[in-house]
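Chain residues, written in single-letter form:
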Amino acid sequence: MNLMAVFSFLFFTALVAFLSWRITRNDNLDTQDGYFLGGRSLTAPIIAGSLMLTNLSTEQLVGLNGLGYKYSMNVMAWEVICGPALALMAIVYLPRYLKSGITTIPDYLEERFDKTTRQVMTVIFILSYILTYLPTVLYSGSLVLNSLFNIPELLGVTKFQALWVTVWAVGIVGSIYAIFGGLKAVAVSDSINGIGLLAGGLLIPVLGLSKLGGGSFGQGIQKLVTEHPEKLDAIGNASSPIPPSVLMTAMLFNCTFYWATNQSIIQRTLAAKDLKEGQKGVLAAGFLKLLGPLFLVVPGIIAFHMYPNLTNPDAAYPTLVQDILPRPLVGFFGAVLFGAILSSFNSALNSTVTLFSLNIYRPVFKQDATDLELVQFGKKLGTILAIISMTLAPFIIFAKDGLYGFLQQMNGFFSMPLLMIVTIGFFTKRTSGRAARIALVTYMVLYGSYMASGSSINYLHIWTVLFLVTGVVMLVASKFYPRETDYIQVDSGQVELTPWKYAKVASITVTVLTFAVYLFFSKWGIAG
């Protein structure tokens, strides 16, 4: 690692920190909305940039490219199906959230159902972030940084020891953003880093194809298309990791859960200045997601052509980056990746603190807590949670099913029932909190039984079936345990609710483009 790489890494990292501080230095972080929702002041560019970078982190760069190396473009569904999901968020979910003026998804669950449902889902969210998501982000980021800067050799330690060092370095810096800067500092730094990640991410397949083609970008594309064209087929078949039958069922359900009900993602949309800005930001992210396969799956397939004998698919992306990236750009790209890791980590940490502070600490332990006391408690809690996550992260190296598969299967314990509960709550008036909890427990027992059984049935098929089962159980249970009165949503008056006049047109366009991307990466397109 040369001095130029070190300098450029430190310079870009420090620049993002300085700009984030400069933009947010006058914000009031002593109030609930100021600390947890950025004062409800976020505009479309900040929302779109923050959504993208919170989502696009190294668990995807490493995990999805690893799946692309092992399988094919089929795994791009984790990205591309997000376009229609974001359209649903903009048109169906966001207007209702902003109308209620909520800070967290459990806030809505209490308003629509009851306090118990709110607290149950809060605990599930918090456990999922602490035990799976936060450690996974730190682990995947450390893998890339260790490979990019050759940390084990630099420090003279083993790979596992280097993993601990990098995990704690990233975790400490990310915690400073989340704990002391609040949501707006997180969102602003996300947007700045997002520009660098998009540029750096797209540079990797360009350089990779040039290397694959012996110095010719065109020859690289020729090899990619003519040698193993089956790797470019995104639709696949019944034996593919993502069978065609689940693209518009389990995959759409999962993406909608992620973009419309996952607290760490939607918190920046809840902080929108008004509905118009929120919808523009969400739909802009939807269009950007269509570019995802170019830097989240294609590099893995390039690595398959260049290094066909890797024993660990998750090593595909770090190996490619280390091989093709010019030394002067190593520091810049390392800083961009560092920012991406920070983004996902500090966003999830901020959301975890928000959930615990507003949904457990205040209502259960100190109902008369002032906003300032709530913020102070949140900072202390964030420190504790960060330490727990940094301690757990290195042990993910022992996960059997690969990084991304591990994360998705764990999310499956709560993603499908939460989405169904929220959606049924929108469109019915008498479904009750008791019915929601019965449906949740039913789902978790059935899904847990499937996981324990070691069944060879693709878990995405199980998600589809259990998603529908959850809805049926909830509706039937509500016949026996109905809500006492009809639910009628009241406008909280927190934000202006005039929709963006092009929201529906943009939603239809991003959905049509999604099908066009699938047609391109198919036997009727370049995989034919």
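Details of the structure are given in the entry above.
Model, not experiment: these values are computed from the prediction. (Residues numbered from 1 in each chain as written. Predicted model: local features only at pLDDT ≥ 70, side-chain atom pairs only at ≥ 80, totals over all residues. Heavy atoms only, no water.)

## Quick look at unusual backbone geometry
Then, in step 1: Backbone geometry places H228, a non-glycine residue, at a positive phi of 60°.
Then, in step 2: Topologically, H228 is positioned in the loop between α11 (217-226) and α12 (250-260).
Then, in step 3: By relative accessible area, which is 39% here, H228 ends up partly exposed. (Helix = DSSP H or I, 4+ residues; strand = E, 2+ residues; numbered from the N terminus. Buried < 20%, exposed > 50% of the residue type's maximum accessible area, 1.4 Å probe, protein only.)

## Details of helix α18 (residues 327-365)
Then, in step 1: Between the first and last C-alpha of α18 there are 54 Å, a value that for 39 residues agrees with the 57 Å anticipated at 1.5 Å per step.
Then, in step 2: Within α18, 32 of the 39 residues are buried, which leaves it mostly tucked inside the rest of the structure. (Expected span 1.5 Å × (residues − 1).)

## A word on the pattern of salt bridges
Then, in step 1: For the structure shown, the criterion picks out seven salt bridges.
Then, in step 2: Salt-bridge contacts for R118 lead to D107; the nearest nitrogen and oxygen are separated by 3.5 Å. Remark: D107 occurs in helix α7 (residues 105-112) and R118 occurs in helix α8 (residues 115-149); sequence separation between them is 11 residues. Taken individually, R118 and D107 each receive the classification buried, so the pair is uniform in this respect.
Then, in step 3: Residues K280 and E277 are paired through a salt bridge, measuring 3.1 Å at the closest nitrogen-oxygen approach. One end of the pair, K280, and the other, E277, are both in helix α14 (residues 275-289), three residues apart, so they sit about a helical turn from each other.
Then, in step 4: Judged by relative accessible area, which is 15%, E277 ranks as buried.
Then, in step 5: Taken together, the shared-partner salt bridges connect D107, E110 and R118 into one network. (Salt bridge = Lys/Arg side-chain N within 4 Å of Asp/Glu carboxyl O.)

## Points about the packing of α18 against helix α19 (residues 371-392)
Then, in step 1: The N-to-C vectors of α18 and α19 enclose an angle of 130°; their axes lie 9 Å apart at closest approach. One element, α18, and the other, α19, form an angle in the oblique class. Where α18 crosses over α19, the two elements pack in a sense that is right-handed. On α19, the residues that touch F345, L349, T352, V353, F356, S357, L358, Y361 and R362 of α18 are D371, L374, F377, G378, L381, G382, L385, A386 and S389.
Then, in step 2: Of the residues contributing to the contact of α18 with α19, the split by class is 11 nonpolar, five polar and two charged. (Axes fitted to C-alpha atoms, helices over the stretch in contact; angles between N-to-C directions. Parallel < 35°, antiparallel > 145°, perpendicular 65-115°, else oblique. Left-handed = near helix turned anticlockwise from the far one by under 90°. Contact = heavy atoms within 4.5 Å. Nonpolar A, V, L, I, M, F, W, Y, C, P; charged D, E, K, R; others polar.)

## A word on helix α24 (residues 503-520)
Then, in step 1: Over its 18 residues, α24 extends 26 Å from the first C-alpha to the last, a length consistent with the 26 Å expected when each residue adds 1.5 Å.
Then, in step 2: Regarding α24, the residues found buried are A503, A506, S507, V510, T514, V517 and Y518. The buried residues of α24 all sit within an arc of 120° when viewed along its axis, so they share a single face. For α24, exposure combined with an orientation more than 90 degrees from the buried face picks out K504, V505, I508, V512, F515 and L519.
Then, in step 3: Residues of α24 that are buried make contact with α5 (77-80), α6 (82-100) and α14. (Arc of directions from axis to C-beta.)

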